[in-house]
2 protein chains.
Amino acid sequence: MQNPNTQGKSMEELNLFLQEHGVKPSYQRTRIYEYLLNHMTHPTVDEIYQALADQIPTLSKTTVYNTLKAFMDAQLVRMVNIEEHEARFDVDLSTHGHFKCEKCGHIYDFELDMSEFKSDFLKTFLIKEKNIHFQGVCSKCLSASDQH
Amino acid sequence: MQNPNTQGKSMEELNLFLQEHGVKPSYQRTRIYEYLLNHMTHPTVDEIYQALADQIPTLSKTTVYNTLKAFMDAQLVRMVNIEEHEARFDVDLSTHGHFKCEKCGHIYDFELDMSEFKSDFLKTFLIKEKNIHFQGVCSKCLSASDQH
DNA sequence: TTTCAACGTGTAATCATTATAATATGAATA
DNA sequence: TATTCATATTATAATGATTACACGTTGAAA
């Protein structure tokens, strides 16, 4: 068992999945996609690279960039621009919002019902992506600072 | 008349406005705020700098950064992180969404009624900012590409 | 086996942003 | 008026994420 935390998906299954979505599989690509599946915490390029560099000593950060770009082109991954300086990535393609806590830095997902959203102004626009980014203090940090 | 496009606000009025909002006025700060008022097109740091460098030859880009930070701290300006690599700035503090056209790059404002938005998950969170960034193709570019 | 395109890698370049240090400013005070 | 002191402005250098580039590898098709 080489990769324990694969959420039940074998390398072969992942390869097939990538292939079906127009991404030619490779060891690096499969392992990066696997990482994204097992760490749905909106990781940065560096986090992905650092985590995999141990197991794939030859891995290059450029490969992580290239792979994420390929995933984005194939609509397998979405870029999350909630951080000021660093891009984050999300395999969850469902419509959901992101909340960034200013205290602990954690990024939470929250459900979002956009079905009732209507905009006269945008009705003649082609909307491809909807990014909803909230910011503030999460409940955990709020109750922590309540202590006196 | 030194600064023609001031939307009717004189330097003195702008100085007073800044002062009332906790920002100590200076020539540079007033001119930068004036620029933001007259160009509500979500300009980048560089756009602001380039536009004012002619009129204020000693202006430093660092000053533009520092000033925008001061404005943000004073809640006079909001950063718009809709661009992948460059921050944009908005003096319009009302709740509204931004739409970026992939073709022409223009960033549109659109009205947004968040009053009916409810989230069980976030009800214990302190929400300080709500950023709504849509992306796609604007009506102008759509009809332009319809031509055959 | 040859070929050829695509992929992966390491290095260098780019570019927005931030840090730093020196100078200028301007109000308060002596 | 001269002095002081905090703050603002500026130029330069440093940082750090991202991209460009060149080269070596791979892997499938012919």
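For the structure itself, look to the data block above.
These numbers were taken from a predicted model, which means no experiment stands behind them.

Some thoughts on the protein's contact with DNA strand D
Logical step 1: In the neighbourhood of DNA strand D, 16 residues make up the surrounding shell, with Y65 of chain A together with S26, Q28, T58 and T63 of chain B lying closest.
Logical step 2: At a separation of 2.8 Å, a phosphate oxygen of DNA strand D approaches a polar side-chain atom of Y65 of chain A.
Logical step 3: Here a phosphate oxygen of DNA strand D sits 3.1 Å away from a polar atom, N or O, in the side chain of R29 of chain B.
Logical step 4: At the level of secondary structure, the elements contributing two or more residues to the surface near DNA strand D comprise α4 (61–73) of chain A together with α2 (27–38) and α4 (61–73) of chain B.
Logical step 5: Here the surface near DNA strand D gets 3 residues from one element, more than from any other, and that element is α4 of chain B.
Logical step 6: A breakdown of the residues in the surface near DNA strand D according to their chemical character gives 3 nonpolar, 10 polar and 3 charged.

Points about the relation of the copies chain A and chain B
Logical step 1: The two copies are related by a screw operation: chain A maps onto chain B through 180° of rotation and 0.0 Å of translation along the axis, at an RMSD of 0.1 Å. Taken together, the turn and the small shift mark the pair as related by a two-fold rotation axis. It is I132 of chain A whose C-alpha, among those of chain A, lies nearest the rotation axis, at 2.4 Å.
Logical step 2: In this assembly, 100% of the residues forming the interface of chain A have copies in chain B that are likewise at the interface, indicating an isologous arrangement.

Looking at the interface of chain A and chain B
Logical step 1: In this complex, chain A contributes 32 residues to the contact, which on the side of chain B involves 32 residues.
Logical step 2: Counting every contact that joins chain A to chain B gives 2 salt bridges.
Logical step 3: The salt bridge partner of K128 of chain A is E102 of chain B, with a shortest N-O separation of 3.1 Å.
Logical step 4: Taken together, the connections running from chain A to chain B amount to 10 residue pairs in polar contact (both at pLDDT 80 or more).
Logical step 5: Elements with a minimum of two residues in the side of chain A that touches chain B: β4 (107–111), β5 (126–137) and α5 (139–146) of chain A.
Logical step 6: Ranked by residues supplied to the side of chain A that touches chain B, first place goes to β5 of chain A with 12 residues.
Logical step 7: Considered class by class, the residues forming the side of chain A that touches chain B number 17 nonpolar, 8 polar and 7 charged.
Logical step 8: Sheet topology places β5 of chain A next to strand β5 (residues 126–137) of chain B; 11 bridges connect them, and they run antiparallel. Opposite I132 of chain A, over in β5 of chain B, you have I132 of chain B as the bridge partner.

Focus on the pairing of strand β3 (residues 96–101) of chain B
All names here are of chain B.
Logical step 1: Taken across its 6 residues, β3 has 6 buried, putting it largely inside the fold.
Logical step 2: Of the two faces of β3, both are covered, the one formed by H96, H98 and K100 as well as the one formed by G97, F99 and C101.
Logical step 3: One ladder, built from 5 bridges, connects β3 with strand β4 (residues 107–111); its direction is antiparallel. Across the sheet, residue H98 finds its bridge partner in β4, namely D109.
Logical step 4: Between β3 and β4, which pair antiparallel in sequence order, lie 5 residues; one of them, G105, sits at a positive phi of approximately 80°.
Logical step 5: The pairing of β3 with β5 spans 4 bridges and is classified as parallel.

Each value, and the rule that gives it
Sequence order sets the numbering: in each chain, residues are counted from 1 along the sequence as written. Each chain gets a letter, beginning with A, and each ligand a number, beginning with 1, in the order they are written. The predicted origin of the model limits local features to residues at a pLDDT of at least 70 and limits the giving and counting of side-chain atom pairs to 80 or more, whereas totals for whole chains, interfaces and linings rest on all residues. By convention in this description, side-chain values take in all heavy atoms of the structure and omit both hydrogens and water. A molecule or strand has a residue near it when one of that residue's heavy atoms lies within 4 Å. Between N or O atoms, a polar contact is any pair within 3.5 Å; within protein, one atom must be a potential hydrogen donor and the other a potential acceptor, and residues adjacent in sequence are included only when both atoms are from side chains. Numbering of helices and strands runs from the N terminus, with a helix taken as a DSSP run of H or I at least four residues long and a strand as a DSSP run of E at least two residues long. When residues are sorted by character, Ala, Val, Leu, Ile, Met, Phe, Trp, Tyr, Cys and Pro go into the nonpolar class, Asp, Glu, Lys and Arg into the charged class, and all the rest, Gly among them, into the polar class. Alignment of copies: least-squares fit on C-alpha atoms of residues with pLDDT of at least 70 in both copies. A contact between two residues is defined here by any heavy atoms of the two lying within 4.5 Å. Salt bridges are counted wherever a side-chain nitrogen of Lys or Arg sits within 4 Å of a carboxyl oxygen of Asp or Glu. Here, a strand pair is defined by DSSP locating no fewer than two bridges between the strands. Classification of residues uses two cut-offs on accessible area relative to the type maximum, computed with a 1.4 Å probe and protein chains only: under 20% is buried, over 50% is exposed, and between them is partly exposed.

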